[in-house]
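# Summary of the model geometry
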Amino acid sequence: MLGVCYYPEHWPESWWAEDAARMVRLGLRHVRIGEFAWSRIEPEPGVFNWSWLDRAIAVLGAAGLKIVICTPTATPPKWLIDRYPDILPVDPATGRVRGFGSRRHTDFSSPVWVAEAMRISAAVADRYGNNPHVAGWQTDNELCCHDTALSASPAALMGFRTWLAGQYPSIAALNSAWGNVFWSMEYRGFDEIELPFGAVTETSPAHRMAFRRYASDTVAAFHAAMVAIIRARSPGRFVTHNFIPMPETGVDNHALAAPLDFASYDNYPLGRADLALARTPAADFRPWMRTGHPDFQAILFDQTRGLTGRPFWVMEQQPGPVNWARHNPAPAPGMVRLWSWEAFAHGAAVVSFFRWRQAPFAQEQMHAGLLRPDSTEAEAWPEIARLAGELSALPLPEPGRAPAAIIIDIEAQYLSDIERQGRGYDYNAVVAQWYGALRGLGVDVDFVPPGTDLTGYGLVLAPALVMPDSAAVAALQEAKAIIVLGPRSGTKTHDVTLPEGLPPGPLRALLPIRVLAVETLRPDCPGGISLGDQDFESGRWRESLDPGEACVIATYEDGAPALVRHGRVHYLATLTDDGFLAPFFASLCSEVGITMTPVTGGLRLRRRGDLVFAINYGADAVLAPAPDGAVFVLGGRRIAGHDLAIWRNA
Ligand code: GAL
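## Regarding the environment of His570
On the secondary structure map, His570 appears in strand 19 (residues 569-572). On the basis of relative accessibility, which here comes to 1%, the residue His570 falls in the buried class. Each C-alpha atom, one on His570 and one on Phe301, is 28 Å from the other, the two residues being 269 residues apart in sequence. Apart from the residues within four sequence positions on either side, His570 is in contact with Ile482, Ile483, Val484, Leu485, Leu511, Leu563, Val564, Arg565, Phe584 and Leu588.

Below is the structure:
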């Protein structure tokens, strides 16, 4: 269940056999290779040098390792770029070409790039598709990483126009759908449409939404073509991709994942905490500086599992300081083991570490590996040895369905970027807050895209389901769950206009309300919301409602409705503080019989089959909230700081 990322091309061939033997002795079984090796595989156009890679695979395989081989399309070589400079992407913000010298210097809209990417993928798959040591494939590497989903290139412009012509029956239909009469933005033909960048002030939200969809479709088509090439040449092997989260890819990861066997995720808790908590006061940040925030890994594990609904892999796990955040601390002792266990708790099948040995050269020479550059064991080594022993003694059951689901909506993410309306509004932060509130109650969560069959869930939350189509509405109508729709649900049509009859548009089929107006307040000047006799904050987003026949559950400070309920469907018209969400969600969990085990501080819970995992991100020991008679299979009732316990309820 453990693996490592290895770069045979970075080390003398005489080291490979000993490296492989040490991997096996450490308890590693998988090794990922090849994602950046194009310049060594094809050093000259059309001239392939397979011999070194043949030997590397033979050596690793002979040691007993299963190989995950990659298509090397994240790093096309210099000769390819010199030959076809139009492959380079153009930065939408500055209009400048993003040049050679790092990675991901390619434009998904470039037909030449697509052809070259498929050519090299086919060559690697032809060579190794039936190799007995190859267990599976990773496509590319972190698609869209480094902000590469969007490009303002001539190829993107041509691609966008062609795509638009396929989306709208005529230019008149597009003009009407987008409302282009406003500011005389009407076009006479698809070939007049520009990219939505570089205008004097904001371009139409419909225009920007269309470009986001175009970019997402283009990346998904690129990926699907690559997967098809691999499948045709490598029967019986899995195909996966190491995703970065949707807020960072900026594309629909569910669409990218559709042709895969399972999804993988690259887990860098400390870099993520450093960037995401950059504005958090030091006193609040310090407890998580060397651990990462207790919810940040879990939310992305759950989202990655939700991409295919099957167990996922952590393809890259941080083993020590990284090099790319604003600050790069070392993990607290024990955290590499704990992060790995946490991934397994959330349904991981394999955790693979990045990377085997720290490289003494180039961009990531300050990034830790399992070995130091001198091949001595680095800090995480004993933790991984311990983890391997523990895993071999504890077979893990299949992860089951969680009692609660959160509907995650890529269009809400796009809309949050395109039309924020108030600086305090950030869709991904809303999702994280609602998720954190359920986790605080000790409730497990699945993430599902709109339109998923919701049978079996007791509670379904949609932090913002902004432009639900008929499938999304039907799934909610058919669900037996209690449903909570957050503010901005049903707020727009497909073309980013206000729906007929006012928001929540088609969701009025679920509850007969109207959103009359919206205001957003500075986060430090909030208004209030009262639930029963308790008062909480409301401000980053506030809608005023005509509640129709819905029942008013909570009110603003002036008594106007802020939360309403009709049957089993709620509409929360405002963003609130955590203090509001916890008792509100708790009352709903009680109503549908979802068991809660509230946790505080750094403690979090997650079930996998009949096992309960308690993960302690805190530095101090805590008591496991296990019932009397619980049978501990790892650790015990007292959980030390940065440690865990696993039990089976009697
Ligand atoms: C990942 C990437 C790896 C390596 C790593 C460093 O995002 O896939 O190639 O750069 O970050 O932490």
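Read on, since the account is not over.
## Comments concerning helix 3 (residues 51-62)
Residue pairs three or four apart in sequence face the same way in an α-helix, which turns once every 3.6 residues. If you check helix 3, its first and last C-alpha atoms are 16 Å apart, about what 12 residues at 1.5 Å a residue would give, namely 16 Å. Burial in helix 3 covers these residues: Trp52, Leu53, Ala56, Ile57, Leu60 and Gly61. For helix 3, the arc enclosing every buried residue in end-on projection is 160°, short of the 170-degree limit, so these residues lie on one face. The secondary structure elements touched by the buried residues of helix 3 are helix 1 (13-26), strand 2 (30-33), helix 2 (38-41), strand 3 (66-70) and helix 5 (111-128). Once helix 3 ends, the next one or two residues include Gly64, with phi positive near 105°.

## Points about the sheet that holds strand 24 (residues 631-634)
One open sheet accounts for 4 strands, arranged 21-22-26-24; its pairing is antiparallel. Both edges of this open sheet fall to strand 21 (603-608) and strand 24, since each of them pairs with a single strand only. The mean angle between the axes of side-by-side strands here comes to 30°, regardless of whether they run parallel or antiparallel. In this structure, strand 22 (residues 611-616) lies alongside strand 26 (residues 644-648), joined through 5 bridges in antiparallel fashion.

## Let's talk about a nonpolar patch on the surface
Together, Val181, Phe182 and Trp183 line one region of the surface with nonpolar side chains, adding up to about 400 Å² of accessible area. Mapped onto the fold, Val181 is located in the loop between helix 7 (171-178) and helix 8 (205-233).

## Points about the site of the ligand
Every residue near the ligand is listed here: Phe36, Arg103, Asn141, Glu142, Asp266, Tyr268, Glu316, Trp324, Phe354, Glu364 and His367. Here Trp324 contributes a side-chain N or O atom positioned 2.7 Å from an oxygen atom of the ligand. Taken by itself the ligand offers 310 Å² of open surface, and the protein chains cover 94% of this. Residue composition of the shell around the ligand, by class: 4 nonpolar, 2 polar and 5 charged.

## Remarks on the sheet that holds strand 9 (residues 348-353)
The sheet built from 9 strands is open, its strands ordered 5-4-3-2-1-9-8-7-6 with parallel pairing. The two strands at the open ends of the sheet, each matched to only one other strand, are strand 5 (238-240) and strand 6 (242-243). Where strand 2 meets strand 3, 4 bridges bridge the pair, whose relative direction is parallel. From the neighbouring strand, His30 faces strand 3, where its bridge partner is Lys66.

## Some points on the pattern of salt bridges
Here the structure, examined in full by the defined rule, presents 40 salt bridges. As a salt-bridge pair, Glu519 and Arg542 come within 2.7 Å of each other at their nearest N and O atoms. Within this pair, whereas Glu519 is found in strand 14 (residues 514-519), its partner Arg542 is found in strand 16 (residues 534-546), the two being separated by 23 residues in sequence. A network of salt bridges, in which partner residues are shared, links Asp302, Arg305, Asp444, Asp446, Arg606 and Arg607.

## Some thoughts on the environment of Ala630
Among the secondary structure elements, Ala630 is positioned in the loop between strand 23 (622-623) and strand 24. With relative accessibility at 14%, the residue Ala630 sits in the buried group. Contacts of Ala630, omitting those with residues within four sequence positions, involve Arg637, Trp647, Arg648, Asn649 and Ala650.

## With respect to the domain arrangement of the chain
Interface extent is often summarised as the accessible area lost during association of the parts. According to the domain assignment, the chain contains domain 1 (2-88 + 136-149 + 235-393), domain 2 (404-592) and domain 3 (603-648). Between domain 1 and domain 3, the residue contacts involve 24 residues of the former and 13 residues of the latter. Summed over both sides, the interface between domain 1 and domain 3 buries roughly 1500 Å², with carbon and sulfur atoms accounting for 61% of that surface. Taken as a group, Leu338, Trp341 and Ala345 account for 34% of the area that domain 1 buries against domain 3, more than any other trio of residues on that side. The interface formed by domain 1 and domain 3 includes 3 salt bridges. Between domain 1 and domain 3 we count 6 residue pairs in polar contact (both at pLDDT 80 or more) in total. The dominant element in the side of domain 1 that touches domain 3, judged by the number of residues it contributes, is helix 14 (residues 335-345), at 8 residues.

## Observations concerning unusual backbone geometry
Going from Phe354 to Arg355, the amide bond is cis rather than trans, its omega being 5°. Looking at where Arg355 falls in the secondary structure, it is placed in the loop between strand 9 and helix 15 (381-393). Cis geometry is found at the peptide bond from Pro503 to Pro504, where omega equals 10°. Tracing the backbone shows Pro504 in the loop between strand 13 (482-485) and strand 14. A positive phi angle, close to 60°, is found at Trp183, a residue other than glycine. Note that Trp183 resides in the loop between helix 7 and helix 8. Given the relative accessible area of 58%, Trp183 is considered exposed.

Reading the values: rules and limits
- Residues numbered from 1 in each chain as written.
- Predicted model: local features only at pLDDT ≥ 70, side-chain atom pairs only at ≥ 80, totals over all residues.
- Heavy atoms only, no water.
- Helix = DSSP H or I, 4+ residues; strand = E, 2+ residues; numbered from the N terminus.
- Buried < 20%, exposed > 50% of the residue type's maximum accessible area, 1.4 Å probe, protein only.
- Contact = heavy atoms within 4.5 Å.
- Expected span 1.5 Å × (residues − 1).
- Arc of directions from axis to C-beta.
- Pairing = 2+ DSSP bridges.
- Axes fitted to C-alpha atoms, helices over the stretch in contact; angles between N-to-C directions.
- Patch = residues over 30% accessible without salt bridge, like charges linked within 9 Å, V, L, I, M, F, W, Y side chains within 5 Å.
- Areas by Shrake-Rupley, 256 points an atom, 1.4 Å probe, with all protein chains shown as cover.
- Salt bridge = Lys/Arg side-chain N within 4 Å of Asp/Glu carboxyl O.
- Near = heavy atom within 4 Å.
- Polar contact = N/O pair within 3.5 Å; in protein donor to acceptor, adjacent residues only side chain to side chain.
- Nonpolar A, V, L, I, M, F, W, Y, C, P; charged D, E, K, R; others polar.
- Domains from an automatic or database assignment.
- Buried area = accessible area lost by both parts, 1.4 Å probe.

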